[in-house]
Amino acid sequence: MSIKALMYHSVGIPPKEALLKSLYTNPRLFENQVKILKVLGFKSVTSDEIVDFVKGKDMKKKVCITFDDAYDDVFDNAIPVLKKHGFKAIIFVPVNLVGEYNKWDFERLNVKKPVASWKRIKEALKEGFEIGSHALTHTPLTHLDDKSLKQEVELSKKILEDKLGVEIKSFCYPYGDYNERVMDFVREAGYKLAFSVDSGHIKKGDNLYNLKRIHMRHNTNIFRLLLKLSVLYR
Ligand SMILES: [Zn+2]
């Protein structure tokens, strides 16, 4: 028994010049993936249920759909599809980049991708989506001194909570970069859980501060999706 957390970045068609196109999921493919999950009887969960499951509560056929970076294209192309099919998701926001663009990697990707506005983020929250922190500036956290690390982790939570008026329970490490020290800071800041980019399913008894995910890519067709959901997947 496991919860399958799916990791997405962009849902859209990459512009011609974009590098690392594997970070984009085609909107048609995305809708097919959601339909398959529905047909297979999967229901979506967010942080509270994951904590319950990891601590021992039995659950079957659960997915947790996650979006790193809170790109506008997710709000354009993924959220309406999820609403239509009755799924929820967690959207991880790089807090200092709200309403701006992927300043942290636009050169590497050769494309500026808009990050959603506070207005859009608030709307998604109202519609039942969970908002999590993806730190302040999307910098690798293991490189930081204690003071900067504390800021990235704690201040991002506080700003989100002040802006949105809800408790922020989940964190997602930029670039999946974490170690014991970073995990300690995240736990001490009051987050209930954190996602890495390590690949695999979430099992009972897992460490809640380095939860694994399934990488959803531009080529995750139905067969690959079924494989990733199966017990064989690591
Ligand atoms: Zn990211």
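Enquirer: How should the nonpolar core be read in this particular structure?
Expert: Note that soluble globular proteins tend to have their nonpolar side chains buried in a common cluster. Ranked by size, the top nonpolar core spans 73 residues in total, and within it Ile50, Phe67 and Phe195 carry the most contacts. If we ignore the near neighbours within four places in the chain, the residues touching Ile50 are Ile3, Val45, Cys64, Leu193, Phe195, Ile202, Leu208 and Leu211. With five residues, the next largest nonpolar core counts Ala18, Leu23, Tyr24 and Val111 among its residues.

Enquirer: Is there a simple way to explain the pattern of salt bridges in this structure?
Expert: A pair can form between side chains of opposite charge whenever their charged atoms are brought close. Summed over the entire model, instances satisfying the criterion amount to 16 salt bridges. In this structure, Lys84 engages Glu31 in a salt bridge whose closest nitrogen and oxygen atoms are separated by 2.8 Å. One end of the pair, Lys84, is in helix α4 (residues 79-85); the other, Glu31, is in helix α1 (residues 27-39), and 53 residues separate them in sequence. Each of Asp72, Asp76 and Arg120 takes part in a single network of salt bridges with overlapping partners.

Enquirer: I would appreciate a short explanation of the layout of surface pockets in the present structure.
Expert: Here the idea is plain: a probe the size of a water molecule rolls over the atoms and shows the empty space left. As a volume, the largest pocket reaches approximately 350 Å³. Around the largest pocket, the lining is made up of 21 residues, and of these Met7, His9, Leu23, Tyr175 and Val197 lie nearest the centre. Its residues assigned to classes, the lining of the largest pocket comprises nine nonpolar, six polar and six charged. Taken as a whole, the second largest pocket encloses approximately 190 Å³ of empty space. If you go around the second largest pocket, you meet twelve residues; those closest to its centre are Met1, Ser2, Lys4, Leu229 and Val231.

Enquirer: Help me understand the packing of helix α7 (residues 146-164) against helix α8 (residues 180-188) in this model?
Expert: Geometrically, a packed helix pair is captured by the angle between its two axes and the distance between the axes. Closest axis-to-axis distance for the α7/α8 pair is 9 Å, and the angle between their directions is 50°. It follows that α7 is oblique to α8 by the angle criterion. Considering the relative orientation of α7 and α8, their crossing is right-handed. The residues of α8 that touch α7, namely those facing Asp146, Leu149, Lys150 and Val153, are Arg181, Val182, Phe185 and Val186. For the contact of α7 with α8, the residue count by class is five nonpolar, no polar and three charged.

Enquirer: Which parts of the structure should I look at to understand helix α9 (residues 222-229)?
Expert: Note that an α-helix has 3.6 residues per turn; residues three or four places apart therefore point the same way. The complete set of buried residues in α9 reads Leu225, Lys228 and Leu229. Take α9 and look down its axis: the buried residues cluster within an arc of 95°, on one side only. Packed against the buried residues of α9 are β1 (3-8), α1 and β10 (211-215). The N-terminus of α9 is capped by Asn221, whose side-chain oxygen sits 3.1 Å from the backbone nitrogen of Phe223.

Enquirer: Looking at this structure, I do not really get the packing of aromatic side chains. What am I missing?
Expert: The geometry of an aromatic ring pair is captured by two quantities: the separation of the ring centres and the angle between the planes. Following the criterion strictly, the structure yields nine aromatic pairs and no others. With centroids separated by 5.8 Å and ring planes inclined at 65°, the aromatic side chains of Phe92 and Phe195 adopt a geometry described as edge-to-face. One end of the pair, Phe92, is in strand β6 (residues 90-93); the other, Phe195, is in strand β9 (residues 193-199), and 103 residues separate them in sequence. With relative accessibility at 0%, the residue Phe92 sits in the buried group. Taken together, Phe171, Tyr173, Tyr178 and Tyr191 form an aromatic cluster joined through their ring pairs. Seen from the ring of Phe106, Lys112 lies directly overhead, with NZ or CZ sitting 5.2 Å from the centre.

Basis of the calculations
Residues numbered from 1 in each chain as written. Predicted model: local features only at pLDDT ≥ 70, side-chain atom pairs only at ≥ 80, totals over all residues. Heavy atoms only, no water. Core = buried A, V, L, I, M, F, W, Y, C linked by side-chain atoms within 4.5 Å. Buried < 20%, exposed > 50% of the residue type's maximum accessible area, 1.4 Å probe, protein only. Contact = heavy atoms within 4.5 Å. Salt bridge = Lys/Arg side-chain N within 4 Å of Asp/Glu carboxyl O. Helix = DSSP H or I, 4+ residues; strand = E, 2+ residues; numbered from the N terminus. 1 Å grid on protein atoms, 1.4 Å probe; cavity = no way out; pocket = protein on both sides within 12 Å on 5 of 7 lines; lining within 4 Å. Points joined across faces, edges and corners; volume = space filled by probe spheres on them. Nonpolar A, V, L, I, M, F, W, Y, C, P; charged D, E, K, R; others polar. Axes fitted to C-alpha atoms, helices over the stretch in contact; angles between N-to-C directions. Parallel < 35°, antiparallel > 145°, perpendicular 65-115°, else oblique. Left-handed = near helix turned anticlockwise from the far one by under 90°. Arc of directions from axis to C-beta. Polar contact = N/O pair within 3.5 Å; in protein donor to acceptor, adjacent residues only side chain to side chain. Phe/Tyr/Trp six-rings, centres within 6.5 Å; stacked < 30°, edge-to-face > 60°. Lys NZ or Arg CZ within 6 Å of the ring centre and 35° of its normal.

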